[in-house]
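Chain by chain, the residues run as shown.
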Amino acid sequence: MLDGFLAELEVDSNLFGREGLRKRIDALDRLDFFLGSAGPRSGVGVRRAVAMRARLDAANAAVYDAVRDEIRQGSVADVWQWLRSQRETELPRPGLSYDSLDEIVSGLLRLHVPEMELPELAEEMVLYQPTPARHILNLIEQLGLQETDRLIDFGAGMGHVSLLASMLSGCQSVGVEVQAAYVAAARRCAADLGLERARFVAQDVRDADLGWGTIFYLYTPFRGSMLAEVLRRLEEESRRRPMRIASLGPCTSEIAAQRWVRSVSALEEGRVSLFEAR
């Protein structure tokens, strides 16, 4: 079975170019399964598999390096088109699972999880999980983000939303994240890619300056009284200027229940929902 699969890869003339990225990711998953499963750890087949995995990894790295250079050069339209072409479907699948696009974004951003014990979160804060990449692209498209927009991402983690939003639309963004190690990782990525309009602050969102933002994003980063407090502060801000809110996950129903907002998209926990202040 492994020998046949390797033979297919070795004769595939389209495997190692830029257009073969998705196919290589799928192949790497299968190779990892073969190499990680029980069985002989040596032999010609295993050596061929290890060599093929190294070739596939090198080809992917070359694509990511090329796209990162395009980002630094400000080739927004080209990068946008490329990322769209990597989506598994035109419309984002519902649900909060990850897919190959997340692996592509990971290779592109090269964010590194800090190898350290992070401080314990407050009781109502939710453990960090990045927004699935397909939902981030959908968020940018639904909002029609422009350079004049100012996006605040609550519980930003390592900054996937802010980084991609500023990269692909040119908007200003601020990721508010309580874990300083995550903020440091996001700042390193932004600096490396030249994304000067994406900023990150290590701060409890309850202390954040909300007066700057025009769009606010929540991937259910907290719940209970903490969520209620943040929504109360957003309501106060909405009396001063127009604003939009985007949400994903369980917090969507709580935002929808607020009398001071109205929904401007379908309400579904498994997809991004948009709201406007009344």
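Residues numbered from 1 in each chain as written. Predicted model: local features only at pLDDT ≥ 70, side-chain atom pairs only at ≥ 80, totals over all residues. Heavy atoms only, no water.

Draft legend 1. Layout of the overall build of the protein. Helices and strands together make up the secondary structure of the protein, namely 10 helices and seven strands. For 278 residues, the compact-globule estimate of 2.2 N^0.38 gives 19 Å, and the C-alpha radius of gyration of the protein, at 21 Å, lies within 12% of that figure. Projecting the C-alpha coordinates of the protein onto the three principal axes gives extents of approximately 70 × 40 × 35 Å. Sorting the 278 residues of the protein into buried and exposed places 50% on the buried side. Across the protein, contacts joining residues at least 24 apart in sequence account for 71% of those joining residues at least 6 apart. Here the protein displays about 13500 Å² of accessible surface, and carbon together with sulfur accounts for 50% of that area. Averaged over its 34 positive side-chain charges, the protein has a centre that lies 2 Å from the centre of its 41 negative ones. (Helix = DSSP H or I, 4+ residues; strand = E, 2+ residues; numbered from the N terminus. Rg over C-alpha atoms; globule rule 2.2 N^0.38 Å. Buried < 20%, exposed > 50% of the residue type's maximum accessible area, 1.4 Å probe, protein only. Contact = heavy atoms within 4.5 Å. Areas by Shrake-Rupley, 256 points an atom, 1.4 Å probe, with all protein chains shown as cover. Lys, Arg positive; Asp, Glu negative; His and termini not counted. Charge placed at Lys NZ, Arg CZ, Asp CG, Glu CD.)

Draft legend 2. Representation of the pairing of strand β4 (residues 215-218) within the structure. Residues I215 and Y217 point to one face of β4 and F216 and L218 to the other, with burial holding for every one of them. Relative to strand β5 (residues 244-247), β4 is paired through four bridges, and the arrangement is parallel. Each bridged residue has a counterpart across the sheet, and for Y217 the counterpart in β5 is A246. The handedness of the β4 to β5 crossover, carried by helix α9 (residues 224-238), is right-handed. (Pairing = 2+ DSSP bridges. Right-handed = clockwise from strand over helix to strand, strands pointing away.)

Draft legend 3. Just the environment of R87, in detail. Relative to the assigned elements, R87 resides in the loop between α4 (76-85) and α5 (100-109). Linking R87 and Q258, residues 171 residues apart in sequence, is a C-alpha distance of 33 Å. In this view, R87 contacts R22, L101, L137, N138 and E141; residues no more than four positions away in its chain are not counted.

Draft legend 4. Structural detail: the packing of aromatic side chains. Taken as a whole and assessed by the stated rule, the structure comprises five aromatic pairs. Measuring from ring centre to ring centre gives 5.0 Å for Y128 and Y182, while their planes differ by 50 degrees; the resulting arrangement is tilted. Placement of Y128 in the loop between α5 and α6 (133-143) and of Y182 in helix α8 (residues 180-193) is noted, with a sequence separation of 54 residues between them. You can call Y182 buried: its relative accessible area is 11%. Taken together, the aromatic side chains of F5, F33 and F34 make up a single cluster linked through ring pairs. (Phe/Tyr/Trp six-rings, centres within 6.5 Å; stacked < 30°, edge-to-face > 60°.)

Draft legend 5. Region of interest: the sheet that holds strand β6 (residues 261-263). A sheet is described by the order of its strands in space; here seven strands give the open sequence β3-β2-β1-β4-β5-β7-β6, paired in mixed fashion. Among the strands making up the open sheet, the edge pair consists of β3 (198-202) and β6. Pairs of neighbouring strands in the sheet enclose a mean axial angle of 25 degrees, with direction left out of account. (Axes fitted to C-alpha atoms, helices over the stretch in contact; angles between N-to-C directions.)

Draft legend 6. Just helix α7 (residues 160-169), in detail. Among the 10 residues that make up α7, 10 are buried, leaving the element largely enclosed by the rest of the structure. Every buried residue of α7 is accounted for by H160, V161, S162, L163, L164, A165, S166, M167, L168 and S169. Positioned one or two residues after α7, G170 has a phi angle of 80 degrees, which is positive.

Draft legend 7. Inspection of the nonpolar core at higher detail. Counting residues in each nonpolar core, the largest one holds 50 residues, and the members touching the most others are W82, L83, L163 and M167. The element contributing the most residues to this core is α8, with seven residues. Leave out the neighbours within four places in its chain, and M167 touches I71, V76, V79, L109, L193 and L195. Within the second largest apolar cluster, 24 residues are counted, among which are I152, F154, M243 and C251. (Core = buried A, V, L, I, M, F, W, Y, C linked by side-chain atoms within 4.5 Å.)

Draft legend 8. Expanded view of the state of the cysteines. Inspection of the entire model under this criterion finds zero disulfides. The closest cysteine sulfur to the non-disulfide-bonded C189 is located on C171, 15 Å from its own sulfur. Of all cysteine sulfurs, the one in C171 lies closest to C251, which takes part in no disulfide; the gap is 19 Å. (Disulfide = S-S within 2.5 Å.)

Draft legend 9. Spotlight on unusual backbone geometry. One non-glycine residue, R110, adopts positive backbone phi at about 55 degrees. Within the secondary structure, R110 is located in the loop between α5 and α6. On the accessibility criterion, R110 (33% relative accessible area) is partly exposed. Even without being a glycine, T220 presents a positive backbone phi close to 40 degrees.

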